Amino acid sequence: MTDLYAVVGNPIAHSKSPDIHNAFAEQTGEDLFYKTLLAPLDDFEGEVARFLEHGGSGLNVTVPFKENAFRLADSLTARAQRAQAVNTLKKMPDGTLQADNTDGAGLVRDLTVNHSVNLTGKRILLLGAGGAVRGVLQPLLEQDPAGIVIANRTVSKAETLAKDFADLGRISASGFAEVEGSFDLIINGTSASLAGELPPIPVSVVHQNTTTYDMMYGNQKTVFNLWAEEQGAQKTIDGLGMLVEQAAEAFYVWRGVRPQTARVMQSLRNERRR
Ligand code: NDP
């Protein structure tokens, strides 16, 4: 019987996840179908329960339900526990719901495998302190960078994150304007790009070998990556690869099979150009 999966969110119609996962299924020969699921803002839990009752095997979770999913799960992987947010739910053989967070693994894989960016011993500036940044901190720190500075508009949120992850590596917090020194990698994990805005960081953070990564993606280069190019950054990357790689990691969690991502990424990029 064909297994059923879905991405649950609100809104959800724009999601690329069904295209990505159905392409993975075709490529790997896994017998599954993946669709979108619109949950009412006040009844995420009910929608998930109904989906599972009707034979659903697993879910991806997106805005605004990642924290609801964290609370709903019966068990958490270590990385979901750290992230305090969940983007992957898996129905276990005993009927319980296991939760995972694959965003950070997706980011690290996109950087290190797809873009050959070595993170070991590097200075990393991470902009933002919301759910996405919390989700990527553990996998980034596991790469053993020289240090991570988290800068955020609300500095107290960056301080909380720095404290929560201090046991995993060298990490400090800052306001945007107070960031000191230059960085090998700057990751924009704020949603400022959505509004066409730039986090007001000093231009001195960019040096000639800096790589920048904007978790956001779209039809055009993001304002953040355009700004970085103007400051002389060596390489700029958008978040489409993270999206596809976090999906591949979720597919692996559910099916035990790791799909190839390059062709799926290419077809999404071609679609964007049309
Ligand atoms: P949250 O709402 O949890 O956090 C938003 C963050 O952005 C906060 O740190 C907030 O600062 C900051 N921010 C918002 N507006 C501005 C602004 N105008 N100037 C400066 N800082 C701002 O969002 P998420 O963490 O879930 O998502 C962040 C981004 O990452 C989004 O663009 C999302 O699309 C992207 N993302 C991409 C993924 C991918 O697969 N490519 C996966 C997950 C997320 P403050 O704390 O002060 O409010």
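Refer to the preceding data block for the structure.
Everything numeric in this text was worked out from a predicted model, so none of it was measured.

Quick notes on the layout of surface pockets
Where empty space is left can be seen by rolling a probe of water-molecule size over the atoms. If you add up the space inside the largest pocket, you get close to 1600 Å³. Taken together, 48 residues form the lining of the largest pocket, with Val-63, Lys-66, Ala-132, Ser-191 and Leu-194 sitting closest to its centre. For the lining of the largest pocket, the secondary structure elements donating two or more residues are strand S3 (56-61), helix H3 (66-72), helix H6 (131-141) and helix H9 (240-255). In terms of residue class, the lining of the largest pocket is built from 21 nonpolar, 19 polar and eight charged. Residue assignment places the lining of the largest pocket across two domains, with domain 1 (3-101 + 241-273) and domain 2 (104-238) each supplying three or more.

Remarks on the pairing of strand S2 (residues 32-38)
Bridge count between strand S1 (residues 3-9) and S2: seven bridges; the pairing is parallel. Residue pairing for S2: Val-7 is matched across the bridge by Thr-36. Crossover connection from S1 via helix H1 (residues 17-28) to parallel S2: handedness right-handed.

Re H1
The end-to-end C-alpha distance of H1, which contains twelve residues, comes to 16 Å, matching closely the 16 Å that a straight helix rising 1.5 Å per residue would cover. Where H1 is concerned, the buried positions are Ser-17, Pro-18, Ile-20, His-21, Phe-24 and Ala-25. Projected onto a plane normal to the axis of H1, the buried residues spread over an arc of 165° and lie on a single side. Among the residues trailing H1, Gly-29 stands out with phi positive, at a value near 75°.

What counts, and at which threshold
Residues numbered from 1 in each chain as written. Predicted model: local features only at pLDDT ≥ 70, side-chain atom pairs only at ≥ 80, totals over all residues. Heavy atoms only, no water. 1 Å grid on protein atoms, 1.4 Å probe; cavity = no way out; pocket = protein on both sides within 12 Å on 5 of 7 lines; lining within 4 Å. Points joined across faces, edges and corners; volume = space filled by probe spheres on them. Helix = DSSP H or I, 4+ residues; strand = E, 2+ residues; numbered from the N terminus. Nonpolar A, V, L, I, M, F, W, Y, C, P; charged D, E, K, R; others polar. Domains from an automatic or database assignment. Pairing = 2+ DSSP bridges. Right-handed = clockwise from strand over helix to strand, strands pointing away. Expected span 1.5 Å × (residues − 1). Buried < 20%, exposed > 50% of the residue type's maximum accessible area, 1.4 Å probe, protein only. Arc of directions from axis to C-beta.

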